[in-house]
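Residues per chain are reported as follows:
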Amino acid sequence: MSKELTLTVISPDKILYQGKAESVILPGAVGYFGILPGHATLVSQLEFGLIKLHTAGKEFRIAIDGGFCEVRNDQIRVLTEGGDSEDDLSHDHAVELLEEAEALPVSKDKEILLKKAKVRILLHER
């Protein structure tokens with residue numbers, strides 16, 4: 001059995017992450033769940049939230065805007081509507097996104113933009 005997972009996170013715009021991980025935590029439709037090497041085959045819907053991957057004793061985070069994941073043979077493939085890594089977006093820019101979303105009139109679009117902004121702010125909180 002392998003001691004590492006291969007994680008690929010893809011949005012329509014770019015590959016957000018492609019590499020190895022020792023463990024991965026994903027934002028599932030009914031809550032966060034973890035994947036370790038040797039995990040059973042799985043397909044799951046994902047919600048707005050953070051992917052947390054651990055490798056070489058460090059945690060790396062990726063904000064995603066929902067999507068789906070497939071786990072098979074120690075490979076995790078995530079397809080998401082959009083996302084950002086910690087390196088892609090500063091905390092200050094995430095706060096600006098939240099302020100812009102809060103200023104919008106009540107609508108379904110406002111709800112989605114608020115979720116996106118709040119997840120981006122979580123990227124930088126430890």
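Predicted, not measured: the structure shown is a model, and the values here were computed from it.

As for the packing of aromatic side chains
Argument step 1. Overall, the coordinates contain one aromatic pair when judged by the stated rule.
Argument step 2. A ring pair is formed by Tyr-17 and Phe-60, whose centres lie 5.7 Å apart and whose planes are at 40°; its orientation type is tilted. Of the two residues, Tyr-17 is situated in strand 2 (residues 15–21) and Phe-60 in strand 6 (residues 58–72); the sequence distance between them amounts to 43 residues.
Argument step 3. Taking the ring centre of Tyr-32 as reference, the NZ or CZ of Lys-52 above it sits at 6.0 Å.

Considering the domain arrangement of the chain
Argument step 1. Assigned domains of the chain: these are domain 1 (5–85) and domain 2 (91–124).
Argument step 2. Between the C-alpha centres of domain 1 and domain 2 there is a distance of 22 Å.
Argument step 3. Listed per partner, the contact involves 12 residues of domain 1 and seven residues of domain 2.
Argument step 4. Where domain 1 meets domain 2, there are three salt bridges.
Argument step 5. With a closest N to O distance of 2.6 Å, Arg-120 and Asp-65 form a salt bridge.
Argument step 6. Our count for the contact surface shared by domain 1 and domain 2 stands at three residue pairs in polar contact (both at pLDDT 80 or more).
Argument step 7. Breaking the side of domain 1 that touches domain 2 down by element, the ones donating at least two residues are strand 5 (42–55), strand 6 and strand 8 (83–85).
Argument step 8. Ranked by residues supplied to the side of domain 1 that touches domain 2, first place goes to strand 6 with five residues.
Argument step 9. Looking at the side of domain 1 that touches domain 2 residue by residue, the classes come out as five nonpolar, four polar and three charged.

A short note on unusual backbone geometry
Argument step 1. In this model, Ala-56 sits at a positive phi of 50°, which is unusual for a non-glycine residue.
Argument step 2. Residue position: Ala-56 is located in the loop between strand 5 and strand 6.
Argument step 3. The class of Ala-56 is exposed, set by a relative accessible area of 63%.

Focus: the UniProt feature "domain: ATP synthase F1 complex delta/epsilon subunit N-terminal" (unreviewed entry) in the chain
Argument step 1. Taking the UniProt record as the reference, the feature "domain: ATP synthase F1 complex delta/epsilon subunit N-terminal" (unreviewed entry) is found at residues 5–81.
Argument step 2. Measuring from the first to the last C-alpha atom of residues 5–81 gives 23 Å, for a span that is 0% helix and 77% strand.

Remarks on the environment of Val-24
Argument step 1. Along the chain, Val-24 falls in strand 3 (residues 23–28).
Argument step 2. Val-24 sits 37 residues away from Arg-61 along the chain, and the two C-alpha atoms are 9.8 Å apart.
Argument step 3. In this view, Val-24 contacts Leu-5, Leu-7, Phe-33, Gly-34, Ile-35, Ile-51, Lys-52, Leu-53 and Ile-76; residues no more than four positions away in its chain are not counted.

About the thresholds
- Residues numbered from 1 in each chain as written.
- Predicted model: local features only at pLDDT ≥ 70, side-chain atom pairs only at ≥ 80, totals over all residues.
- Heavy atoms only, no water.
- Phe/Tyr/Trp six-rings, centres within 6.5 Å; stacked < 30°, edge-to-face > 60°.
- Helix = DSSP H or I, 4+ residues; strand = E, 2+ residues; numbered from the N terminus.
- Lys NZ or Arg CZ within 6 Å of the ring centre and 35° of its normal.
- Domains from an automatic or database assignment.
- Contact = heavy atoms within 4.5 Å.
- Salt bridge = Lys/Arg side-chain N within 4 Å of Asp/Glu carboxyl O.
- Polar contact = N/O pair within 3.5 Å; in protein donor to acceptor, adjacent residues only side chain to side chain.
- Nonpolar A, V, L, I, M, F, W, Y, C, P; charged D, E, K, R; others polar.
- Buried < 20%, exposed > 50% of the residue type's maximum accessible area, 1.4 Å probe, protein only.
- UniProt positions renumbered as here; feature names shortened; annotations may be inferred.

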